[in-house]
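# Reading the structure
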Amino acid sequence: MRRLMGLLVALTVLVAGVGPGAAQQKSTLDKIGETGTLTIGTRTGSPPFAYVNAKNEWVGFSIDLVDELIKPAIEKKLGKTIKIEKKESTPPTRIPLLSSGAVDLIAETMTDTRTRRESVDFSLTFFVTGAQFLVKKGSPIKGIKSIDGKRIAAQQGSTNARILRERAPKAVLREFPDQPAAFQALVQGQVDAYTNDGIQLAGLKSKAQNPAQWEIVGDFYSYEPYGMAMRKGDADFRNVVNAGLMEGIESGKFFEIYDKWFGPKGELPYPMSPQVRSFMLLQVVPK
Amino acid sequence: MRGFGVERVAAPSMRYQFNWSVLWTGESGAWLLSGLITTLELSAAAWLLAAVLGVVSGALRTVRFAPLRVAATVYVEFFRNVPLLVWMFFWYFAVPPLLPVEVQGWLFAHGLEFWAAVCALGVYSGARFSEVLRSGIQAIPRTQLEASVASGLTTFQSYRYVVLPVALRLIIPPGTNESLNLLKNSSVALTISVAELTFQTRQIETYTAKAIEALTAGTLIYLVLCISIATIMAWVERRTAIPGLITGGRRRR
C-alpha cells in the first residue's frame, strides 16, 4: 500500500502546489523551532541505509546520520531539543514532499545530480557508490556490455534506468516503483538482472533467503554520490546540516557510524576505501 | 544608500519553481504519447474482458438454477472485495509459477506484465460490472421474462433477445461510471512495470526533477480522456433510450 500512498501524496502535493501561496515560505529552521520537530523523508526498503528491520524498527545508516550528527547540530543552533519524525519517501515523491513542506530533509539513498540541483539543494556527499547488476549465480550477464536483448529490472525514478536507456538501448528495461517488487521479479525469472547502486544490491543480497545464490556483477557504470536533499534556497538550514556532517567527519563519529553499518561486524560489510575516506575528509572546510 | 549590512531577503526561491517547458522539450511528448497509447490498449483489452465476464456473471446471478447463481456470486464477491493492487501482484507474481517452465519463459519474453495487468483489471472490473448488470436486469419487471418464456423462447433466448437488450440500455449511466473507473484504475499497473501514462509522468519527473508539472500533464490527459468518454456515452444513452423506460434524463423532442 505504501506505493499507492506515494502516489496519493504526490497528487495531494499537486493540488496544494498549484494553489496560490501554498508553497513553503517560512525558513526551515524557524519551522523546526516552532514545531520542535524535524521531519525527514526516508525509505522503508533500502537496507542498510533506511529500512524496517526484523524487529519492526525503522533504522539505517542515513537515519543514524540524522539522529546522531544533524539533529545535535540543529539543536545547538536553535538552543532547544527537537524530535525526529520519519515519513516514507520514494524516488517519484521525494522532491514534491520537500517542495510542499511535508518533509524538511530527504535522508535515504538519493543521488546528487545537476538536474536535481535545479529543484533542490544537497548536503555534503555522505556515501559514494555506482550502479551494477544483481544476477542469479552463473548468469551470462557480466556487466553493461552483455545486457543487449536481456530483460533488466530497474527502480523507477532512479538515475540507473536513465543511464541504461542511453548507454544500452537494446536492453529491455522493466521499471518497478520499489526494490522488493523488482527483486521478486528477478527471483521468479520475469527479468534476467536487477540493476541498482552496488551498495543497495549488496544490501539486498545479504537480506535474501539464500545469499549465495546471487551475484553482483559488472564495473560501476555510473557514479552515484549520495546527499541529503533540502528545499532550494534555504542556505541557513543547509549550513546547519552540513556543519553537523562536517563535525561528525572531523570528530570521527561519522566513521564510527559507518563502521556500525558497513564495518566488519556491521549489517553489510563494505569497508571504506582510502580514496573515499580522504574524499570525505576533504569535504570538511575549516571552522 | 544601501549599505554593507547583511540583507535578509525573504527567499522567494524557496517556493517551488515551475518550469512547464519540461513538458514539451526533450522526449516528454513522446513518452506521454506512448504512455497514453499503453493506457488505452490496456484499458480497452481489460474492458472487453470485464464486459464479457460482467454480462455473463451478472445474468447468471438472476437465473433460477441455483448452482450457476452461486458460482456467479462467488466470482463477484471474491474478486471485487480484494484490492486491485493485490490482484496485480497476484497475476504477475503468483500465476506464472503455476505454469509449465516453457510457457513461463515465453510469457516473460512476451510482455507478461501487460497481460497480467489486463487479467487483473479485467477480472476485477468484471465483478463490478456484474453487479451493475444485475441491478439492470432486476429493474425489469419479472413478467417480461415470464412472458417471453411463455411465448416459446428458451431461457437463454429470453435473456439474449428480451432481457439483456433492455438491461444493457438501462445500465449505461452506471456502466459508464465503472468504465471510467477502469480507465483510471489502469494506473495501478505501473506497480508491475507496465509503462502506462502515470508511469510516463514519473519518467518525466526522473529526467527533469519536475514532479508537479509532470503530474499536471498526466492529470489533464486523464481528465480529457474521461470527459470524452462520458460525453460519447451520454450521446449513446440518448440514442438508445427506450421511450417510457428511460429518457436520458430529458423528454424526447
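The structure we're discussing is the one just above.
Read on for an overview of the structure.

### Things to note about the overall build of chain B
A tally of helices and strands in chain B yields 10 helices and zero strands. Element order for chain B, N to C, with α for helix and β for strand: α-α-α-α-α-α-α-α-α-α. Radius of gyration (C-alpha) of chain B: 25 Å, far over the 18 Å computed for a compact globule of 253 residues. For chain B, the spread of C-alpha atoms along the three principal axes comes to 100 × 60 × 30 Å. The contacts in chain B between residues at least 6 apart in sequence include a share of 77% that link residues at least 24 apart.

### Considering unusual backbone geometry
Glycine aside, residues mostly have negative phi angles, and peptide bonds mostly take the trans form. The omega angle of the peptide bond from P47 of chain A to P48 of chain A is -5°, so this bond is cis rather than trans. Note on placement: P48 of chain A falls in the loop between strand 2 (45-46) and strand 3 (50-52). Despite not being glycine, S193 of chain B shows a phi value in the positive range, around 70°. S193 of chain B sits in the buried class, given 27 other C-beta atoms within 10 Å. One non-glycine residue, A209 of chain B, lies in the positive phi region at around 60°. In this fold, A209 of chain B is placed in the loop between helix 9 (197-208) and helix 10 (211-240). Take A209 of chain B: there are 21 C-beta atoms within 10 Å of it, and that puts it in the buried class.

### Let's talk about the sheet that holds strand 3 of chain A
The strands that make up a sheet are held in pairs by hydrogen bonds between backbone atoms, and each pair lies either parallel or antiparallel. All names here are of chain A. Across the sheet, three strands lie side by side as 2-3-4; this open sheet has antiparallel pairing. Every other strand in the sheet has two partners, leaving strand 2 and strand 4 (58-59) as the edge strands with one partner each. As judged from the two bridges shared by strand 3 and strand 4, these two strands associate in the antiparallel manner. Counted as the bridge partner of Y51 is V59 from strand 4.

### Regarding the pairing of strand 1 (residues 37-42) of chain A
Residues and elements named next belong to chain A. In this structure, strand 1 lies alongside strand 5 (residues 83-88), joined through six bridges in parallel fashion. When the bridges of strand 5 are listed, I40 appears paired with K86. Pairing of strand 1 with strand 6 (residues 105-106), which is carried by two bridges, proceeds in the parallel orientation. Each residue of the ladder has a partner; that of I40, found in strand 6, is L105.

### Observations concerning helix 8 (residues 172-185) of chain B
Helical geometry: 3.6 residues make up each α-helical turn, so side chains three or four residues apart lie on a common side. Residue and element names in this part refer to chain B. Counted at 1.5 Å a residue, the expected span for helix 8 with its 14 residues is 20 Å, and the 19 Å between its end C-alpha atoms agrees. For helix 8, the set of buried residues is I172, G175, E178, S179, L182, L183 and N185. Buried positions in helix 8, seen along its axis, are confined to an arc of 165° and lie on one side of it. At its buried positions, helix 8 is contacted by helix 1 (28-60), helix 3 (84-94), helix 5 (112-138), helix 7 (155-170) and helix 10.

### Digging into the sheet that holds strand 12 (residues 214-217) of chain A
Residues and elements named next belong to chain A. Spatially, five strands are ordered 10-9-11-8-12 in an open sheet, and the strand pairing comes out mixed. Of all strands in the sheet, those bounded by a partner on one side alone are strand 10 (172-176) and strand 12. Pairwise comparison of adjacent strand axes, ignoring direction, gives a mean angle of 30° for this sheet. As defined by bridge partners, strand 8 (residues 131-136) adjoins strand 12 across four bridges and the pair is classed as antiparallel. Note that in strand 12 the partner of L134 across the bridge is I216. Here helix 7 (residues 179-188) sits on the sheet in contact with strand 8, strand 9 (151-155), strand 10 and strand 11 (193-197), set at roughly 165° to strand 9. Together, strand 8, strand 11 and strand 12 form the strand contacts of helix 8 (residues 198-207), whose direction differs from that of strand 8 by roughly 30°.

### Some thoughts on the nonpolar core
Among the nonpolar cores identified, the biggest contains 80 residues, and L105, L134, I152, A153, L186 and A193 of chain A are the most heavily contacted of them. If we skip the residues at most four places from it in the chain, L105 of chain A touches L38, I40, V66, M228, M230 and V241 of chain A. In this structure, L42, V163, I192 and A195 of chain B belong to the second largest nonpolar core, which totals 45 residues.

### Some thoughts on the packing of helix 1 of chain B against helix 8 of chain B
Residues and elements named next belong to chain B. Packing of helix 1 against helix 8 brings their axes to within 10 Å, and their N-to-C directions diverge by 135°. Viewed along their axes, helix 1 and helix 8 adopt a mutual orientation that is oblique. Here the hand of the crossing between helix 1 and helix 8 comes out right-handed. Contacts from S43, A46, W47 and A50 of helix 1 reach helix 8 at S179, L182 and L183. Per-class residue counts for the contact of helix 1 with helix 8 are five nonpolar, two polar and no charged.

Conventions and cut-offs
Residues numbered from 1 in each chain as written. Chains lettered and ligands numbered in written order. Predicted model: local features only at pLDDT ≥ 70, side-chain atom pairs only at ≥ 80, totals over all residues. Helix = DSSP H or I, 4+ residues; strand = E, 2+ residues; numbered from the N terminus. Rg over C-alpha atoms; globule rule 2.2 N^0.38 Å. Contact = placed C-beta atoms within 7 Å. Buried ≥ 20, exposed ≤ 12 C-beta atoms within 10 Å, placed from the backbone. Pairing = 2+ DSSP bridges. Expected span 1.5 Å × (residues − 1). Arc of directions from axis to C-beta. Axes fitted to C-alpha atoms, helices over the stretch in contact; angles between N-to-C directions. Core = buried A, V, L, I, M, F, W, Y, C linked by C-beta atoms within 7 Å. Parallel < 35°, antiparallel > 145°, perpendicular 65-115°, else oblique. Left-handed = near helix turned anticlockwise from the far one by under 90°. Nonpolar A, V, L, I, M, F, W, Y, C, P; charged D, E, K, R; others polar.

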